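Breakdown of the fold
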Amino acid sequence: MRLGIVSDSHLCPAGTPPGFWHNVLDYDRAEERLADAIRFLRDRDIEVIAMLGDLTNFGDEASIALAVNVLAQARVPVLVVPGNHDCELGVAEFGAHVDRLGAPAVAMAGAERDVDDVRVLGLTDLMPDADGKLVIADIQSDTWGDDPIVVLTHFPLLDRRAATEAAGLKYAGGFRDAGVIGRLRDRPGPAIVLHGHLHIRDTTAAGNVLQIGCASLIEPPYETTIVEIGQRDGGWQVAVEHASLAASDVRLPVMAAAGGTWDFDGSAWTPA
């Protein structure tokens, strides 16, 4: 399976003042950056594109419509999970707008599906807790077996706070996992978690879980990612390619190389 990934495009109404996270958030060129990413992926034999959240900055319908129109140019199915910014007007409202405006080419990821014999699951059920944090709802895993599963999520499931802060980068918190990572770790089969939110390029592994963090489109390094998953020598292998779509002369929020390969030996992921 060849999966294209875009994340954190943050489309918003014209005239929105610039923001700042690791670097300046380039809202005026957000639509252009997303279109560049879709054109880049369209020419690389991608089977499906995952949009890993913060498609918009405010979750407003006009920005959703604009973003969905760009995503629909991909010529392959696009699966969307919500980010915290998309949820400002409500998770259900965001999902309903995406499904209505994007059908059939662009849809919420939601329930499990098979893509080239690899199971793909989107974490779309988010609820705010009493402290205002978004909670990633627990999921059912009874039918997963030992086959590989790809989890699409805006938020990381393996904790990266210490590593991010040790690298001198900001850590975007504001979420809580209600049990998904435990379910992934408790099964013998391999899991590949793909996330955004942190605006950081990152890769880490813990046993059978390989987690790939994708940098954003709204600020440097303006990246999109290709993940290829397949069998090799009786096991599973994941190859990752991060591609910057524009040059930048600022410090980049990266904690992993621009490319790499990981092998699953039956119990753990290791760099090839």
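As shown above, the structure is provided for reference.
Just so it is clear, the structure is predicted and the values come from calculations on it, not from any experiment.

According to the stated counting rule, one finds 12 salt bridges in the structure shown. The shortest N-O distance in the salt bridge between Arg183 and Asp138 comes to 2.8 Å. Placement of the pair is Arg183 in helix α5 (residues 180–186) and Asp138 in the loop between β10 (134–136) and β11 (149–152), with a sequence separation of 45 residues. Given a relative accessible area of 26%, Arg183 falls into the partly exposed group. Linking Glu223 and Arg201 is a salt bridge whose minimum nitrogen-to-oxygen distance equals 2.5 Å. Separated by 22 residues along the polypeptide, Glu223 in strand β16 (residues 223–232) and Arg201 in the loop between β13 (191–195) and β14 (202–206) bring together distant segments of the chain. In terms of burial, Glu223 and Arg201 fall into one category: buried.

Another aspect to go through is the sheet that holds strand β9 (residues 126–128). The strand order across the open sheet built from three strands is β9-β10-β12, with neighbouring strands paired in mixed fashion. Pairing within the sheet leaves two strands with one partner each, and these edge strands are β9 and β12 (175–177). Strand-to-strand twist of the sheet, defined as the mean angle between neighbouring strand axes without regard to direction, takes the value 30 degrees. In this sheet, β12 lies alongside β10 in parallel orientation, the contact comprising three bridges. In the strand pairing of β12, Ile136 is matched with Asp177.

What counts, and where the lines are drawn
- Residues numbered from 1 in each chain as written.
- Predicted model: local features only at pLDDT ≥ 70, side-chain atom pairs only at ≥ 80, totals over all residues.
- Heavy atoms only, no water.
- Salt bridge = Lys/Arg side-chain N within 4 Å of Asp/Glu carboxyl O.
- Helix = DSSP H or I, 4+ residues; strand = E, 2+ residues; numbered from the N terminus.
- Buried < 20%, exposed > 50% of the residue type's maximum accessible area, 1.4 Å probe, protein only.
- Pairing = 2+ DSSP bridges.
- Axes fitted to C-alpha atoms, helices over the stretch in contact; angles between N-to-C directions.

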